[in-house]
Amino acid sequence: MRNQSFGQVLAAFRNGKSLRIDGIQRFSLPLMTLSRAMERVIGCPININLYLTPGAGKKALSRHYDTHDVFVLQLFGKKVWRLYDPPVEAPLEHLPLQRREGIREMKSLRLRNSQDARDTCTLTEEFAMTPGDMLYLPRGFWHEAESEPGKISCHLTVGVQPTTYLDLMTLALANAASANPRLRASLPYGFTVDRDAVTEIFETMNGLIQHLPADLQVPEALGQLMSITLRGTRAGFESHILQPVDTQLSDYVQGDTPLRVGKGVVFGIDSSLSPAVFVSGSKRFQITEAYEQACRFIARIGEFTPAQVPGELGLTEKLILCRQLVSENVLVLSTPMASASPASPALFEAQRKPQWIPFRIDLNQRSVRWIDIGLRPFTEPFLHQTIRSLQKSVPSTKTKATPLRALLKVQEKTRLAGLIFHISRCGSTLLSNSLKHVDRAIVVSEPQPVGAILDLRARAEGGEDIERAGMLLKGVVQAYGIPRMGDEESLVLKLSSWNLLHLETFRAIWPGVPMVIVVRDPLETAVSCIEDPPGWMQWQKKSPSKLERAFGWTKDEIQAMSAEIFCARMLGMFLSLARQAAAAGSLIVDYRDLTPDRVNEIAKLFGLAVTPDAQRLIVENFSRYSKDPDLKRKHQDDIARKRNQASEELASAIEQWAQPSYRELNQFFAGNTETADRHE
């Protein structure tokens, strides 16, 4: 029964009736904060009801199932719950109303949520919930709850009202009807009594259904559904409507000002439109592609500074975005103005837990340099570019030095999902840049400390030193996998090209981790290496001892080589190692075969899930020059230019020292493909 006065409610409760308050979050700031926080993560409306049951062994509701998922939170007293099988599969809460149809008619005549099993379903679980306990009930599960005799019980039900495929289909059909007049056509008059009219309707419907797949624009409908969901959320709780407004507050925001999303604020990006639209309640404004990645970062992060926002934006553009969101009450300063100046947030820096990663190892000093990377994502193509960008935008960034042995204390927090090796200038950076768009993955490219530890291991003289170097290598890799955003699950490490010499070291430490080796026609690679020499090209003059240890070449032999011959022989060695690794199970990817679909295959190999948003960004990534730290230069196909630019000496050296290994690698895969075809 529904009662209007407090006296009636109290009298009914004393007579054994249960009290239910629907939508209690409307009257409680903590519960409204909980519901908004869940809406922000789940993307569905959240409604919270309170049930207060008198101590008479009473049930607030008889055995039933809900048409939405429910989290039950026991607050006071004890309640016995009983669960039954079989559940009703995905019951609906409502159907689209037809003309002249009321909600009650729709539910009684068309919804058809079966109640037949109410008295015949089988009890499967019975348990008591006490304060602090939580129960999750998917929709459709039969259940009932009963209070303990003589004891009052109070619990909350947090209802998650799902958005269904029927909702999406309804929007898609409505959009199709707007574009297709046949869907808007009237049914023949008299169809309720005229059999010929019914026959005409069936024939017309068959034609409409055949063309329906082409008419349904699912991305557009999904964008509208997202927008509708976000529009349903009203303003946040920190608008300070009754307090004086500091209209200049957004001007305080600087590159290192700590910010967070306001309490109760839910927002998202409708990417079905072009340009995409930022939506938060009634607030809507268009954002260009460059700002979209930044907005998605802000939507999923806790505290951050404008300088830490990833993407193609410069610091000035990041400040413009963050200041606008502050002025719209979407973002708030996480450090109170009275406690610390936003321009130099000393209090925030003192309270925030540092996120240290190693960025340089000095083997002469046996020391590691660490930097507090904070929430800064590894957006740039290489780790050293990210470090440089961070120190330039936030000069106060902290660093520290420790002995090498500090790496032995680093514990694994994130699984190493994959290793990327390459032969130089062959598309590996394009691959690692693409994988950076995958959610919950950390992708680190060519960190100097890894190479330093590999050098240390190569110099080791005894088994104990080699073992210690392996432990240090494990520690430095694990240091890059520490979650900073809170949801990272996987680490992908792209190595420097010469690290291919140590592939077996990685295989011994991480035997089950997939390894990918990116290769390219050695002539095209060699032209790039001569134009812009990688680090290993300097070994000929500066580190001949490395070549002696790795390949057994003599100093006289090394010094007698021209740059072209040295480059060709090194590439030949890399390709030979790639051939050996392929035979041992590593995946070889040729630059000519590197496509967005190939990236998806590699992501799957690494156990990474590519979302539609990530897929779109990966495709866009292939249009950019991969080594540009600002990611603004357009990609240009350079295969023909490089082949035409190769000198006769270089072409001859490559043909002698590198092409045989490259052809052997191709033959190996051709043979494997033929074998696989025969087995099929």
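Note that this is a predicted model, so its numbers are computed, not measured.

(A) Spatial organisation of the overall build of the chain. Helix and strand counts for the chain stand at 25 helices and 22 strands. By its C-alpha atoms, the chain is 100 × 75 × 55 Å across when sized along the principal axes. The buried share of the chain, taken over its 680 residues, is 47%. Summarising the internal contacts of the chain: among those between residues at least 6 apart in sequence, 77% fall at separations of at least 24. Total accessible area on the chain is roughly 35,500 Å²; 52% of this is exposed by carbon and sulfur atoms. Distance between charge centres in the chain, computed from 81 positive and 76 negative side chains, equals 6 Å.

(B) Spotlight on a positive patch on the surface. Taken together, the side chains of Arg366, Arg405, Lys409, Arg459, Arg468 and Arg549 define a basic patch exposed on the protein surface. Mapped onto the fold, Lys409 is located in the loop between β17 (399-403) and β18 (415-422). Its relative accessible area of 71% is what places Lys409 among the exposed residues.

(C) Inspection of a negative patch on the surface at higher detail. Residues Asp194, Asp196, Glu200 and Glu203 make up a contiguous surface patch of negative charge. When you line up the elements, Glu203 lands in helix α6 (residues 195-215).

(D) Structural view of the pattern of salt bridges. For the structure on display, the rule yields 27 salt bridges. Sharing partners across several salt bridges, the network here consists of Arg520, Asp521, Glu524, Arg592, Asp638, Lys642 and Arg643.

(E) Highlighting unusual backbone geometry. Between Asp85 and Pro86 the backbone carries a cis peptide bond, its omega angle lying at -5°. Along the chain, Pro86 falls in the loop between β4 (79-85) and α3 (103-111). Here the phi dihedral of Arg366 falls at roughly 50°; this positive angle occurs in a residue that is not glycine. You can see Arg366 is positioned in the loop between β15 (356-362) and β16 (367-372).

(F) Structural detail: the nonpolar core. Counting residues in each nonpolar core, the largest one holds 98 residues, and the members touching the most others are Leu435, Val450, Phe506 and Trp536. Tallying contributions element by element places helix α20 (residues 563-583) first for this core, with 10 residues. If near-sequence neighbours (up to four positions away) are discounted, Trp536 is found in contact with Ser424, Ser497, Trp498, Cys529, Phe566, Cys567, Met570, Leu571 and Phe574.

(G) Inspection of the sheet that holds β16 at higher detail. If you walk across this open sheet you meet the 3 strands as β15-β16-β17, and the pairing is antiparallel. Because the sheet does not close on itself, it has two edges, and the strands there are β15 and β17. Sheet twist, expressed as the mean angle between neighbouring strand axes with direction ignored, is 30°. Two elements, β16 and β17, share 5 bridges in a ladder whose sense is antiparallel. Across the sheet, Ser367 pairs through a bridge with Pro403, a residue of β17.

(H) A look at the sheet that holds strand β21 (residues 515-519). Strand order in the open sheet formed by 5 strands is β19-β20-β18-β21-β22, and the pairing between neighbours is parallel. Single-partner strands in this sheet number two, and they are β19 (441-445) and β22 (587-590). Averaged over neighbouring strand pairs, the angle between their axes works out to 20° when direction is ignored. Of the pairings in the sheet, the one linking β18 to strand β20 (residues 490-494) comprises 5 bridges and is parallel in character. Following the sheet pairing, Gly418 is matched in β20 by Val492.

(I) Focus on the packing of helix α12 (residues 428-435) against helix α21 (residues 596-605). Close contact between α12 and α21 brings their axes to 10 Å; oriented N to C, the two are set at 65°. Classed by the angle they form, the pair α12 and α21 counts as roughly perpendicular. Between α12 and α21 lies a crossing whose hand is right-handed. Residues Leu431, Ser434 and Leu435 of α12 form the contact with α21, whose own contacting residues are Val599, Ile602 and Ala603. Residues of the contact of α12 with α21, tallied by class, amount to 5 nonpolar, 1 polar and no charged.

(J) View of a nonpolar patch on the surface. On the surface, a cluster of nonpolar side chains totalling about 280 Å² of accessible area is made up of Leu75, Phe76 and Ile152. With respect to the element layout, Ile152 can be found in the loop between β7 (142-147) and β8 (153-160). Under the relative-accessibility criterion, Ile152 is labelled partly exposed at 37%.

(K) Region of the structure containing the packing of aromatic side chains. Scanning all chains against the criterion turns up 11 aromatic pairs. Considering the side-chain rings of Phe71 and Tyr136, the 5.0 Å spacing of their centres and the 35° angle between planes classify their relative orientation as tilted. Taken together, the residues span a long stretch of sequence, with Phe71 in strand β3 (residues 69-76) and Tyr136 in strand β6 (residues 134-137) at a distance of 65 residues. With a centroid separation of 4.8 Å and 40° between ring planes, the pair formed by Phe551 and Trp553 is classed as tilted. Trp553 matches Phe551 in its accessibility class, with the two residues each being buried. Taken together, Trp536, Phe551, Trp553, Phe566 and Phe574 form an aromatic cluster joined through their ring pairs. A cation over an aromatic ring shows up here: Arg63 above the ring of Tyr84, its NZ or CZ 4.1 Å from the ring centre. Of note, Arg633 hangs over the ring of Tyr625, and the distance from its end group to the ring centre comes to 4.1 Å.

(L) Local environment of the packing of helix α8 (residues 289-300) against helix α9 (residues 315-327). The geometry of α8 relative to α9 is characterised by a closest axis approach of 11 Å and an angle of 50° between their N-to-C directions. Viewed along their axes, α8 and α9 adopt a mutual orientation that is oblique. α8 and α9 meet at a crossing whose hand is right-handed. Between α8 and α9, the contacting residues are Tyr291, Ala294, Cys295 and Ile298 on the first element and Glu317, Leu321 and Leu325 on the second.

(M) Spotlight on the pairing of β8. Extensive coverage of β8 is indicated by the burial of 8 of its 8 residues. Burial along β8 is two-sided: Ser153, His155, Thr157 and Gly159 and Cys154, Leu156, Val158 and Val160, pointing in opposite directions, are all buried. Relative to β8, strand β2 (residues 46-53) runs antiparallel, the two being bridged by 8 bridges. From the neighbouring strand, Thr53 faces β8, where its bridge partner is Ser153. The pairing of β3 with β8 spans 7 bridges and is antiparallel. Bridging across to β8, Phe71 finds its partner in Val158.

(N) Quick look at the environment of Arg369. Relative to the elements of secondary structure, Arg369 occurs in strand β16. Since its relative accessible area comes to 33%, Arg369 is described here as partly exposed. Residues Arg369 and Trp356, spaced 13 residues apart in sequence, show a C-alpha to C-alpha distance of 9.6 Å. Among all residues touching Arg369, those that are not within four sequence positions of it are Ile357, Pro358, Phe359, Arg360, Thr399, Lys400 and Ala401.

Criteria and thresholds
Residues numbered from 1 in each chain as written. Predicted model: local features only at pLDDT ≥ 70, side-chain atom pairs only at ≥ 80, totals over all residues. Heavy atoms only, no water. Helix = DSSP H or I, 4+ residues; strand = E, 2+ residues; numbered from the N terminus. Buried < 20%, exposed > 50% of the residue type's maximum accessible area, 1.4 Å probe, protein only. Contact = heavy atoms within 4.5 Å. Areas by Shrake-Rupley, 256 points an atom, 1.4 Å probe, with all protein chains shown as cover. Lys, Arg positive; Asp, Glu negative; His and termini not counted. Charge placed at Lys NZ, Arg CZ, Asp CG, Glu CD. Patch = residues over 30% accessible without salt bridge, like charges linked within 9 Å, V, L, I, M, F, W, Y side chains within 5 Å. Salt bridge = Lys/Arg side-chain N within 4 Å of Asp/Glu carboxyl O. Core = buried A, V, L, I, M, F, W, Y, C linked by side-chain atoms within 4.5 Å. Pairing = 2+ DSSP bridges. Axes fitted to C-alpha atoms, helices over the stretch in contact; angles between N-to-C directions. Parallel < 35°, antiparallel > 145°, perpendicular 65-115°, else oblique. Left-handed = near helix turned anticlockwise from the far one by under 90°. Nonpolar A, V, L, I, M, F, W, Y, C, P; charged D, E, K, R; others polar. Phe/Tyr/Trp six-rings, centres within 6.5 Å; stacked < 30°, edge-to-face > 60°. Lys NZ or Arg CZ within 6 Å of the ring centre and 35° of its normal.

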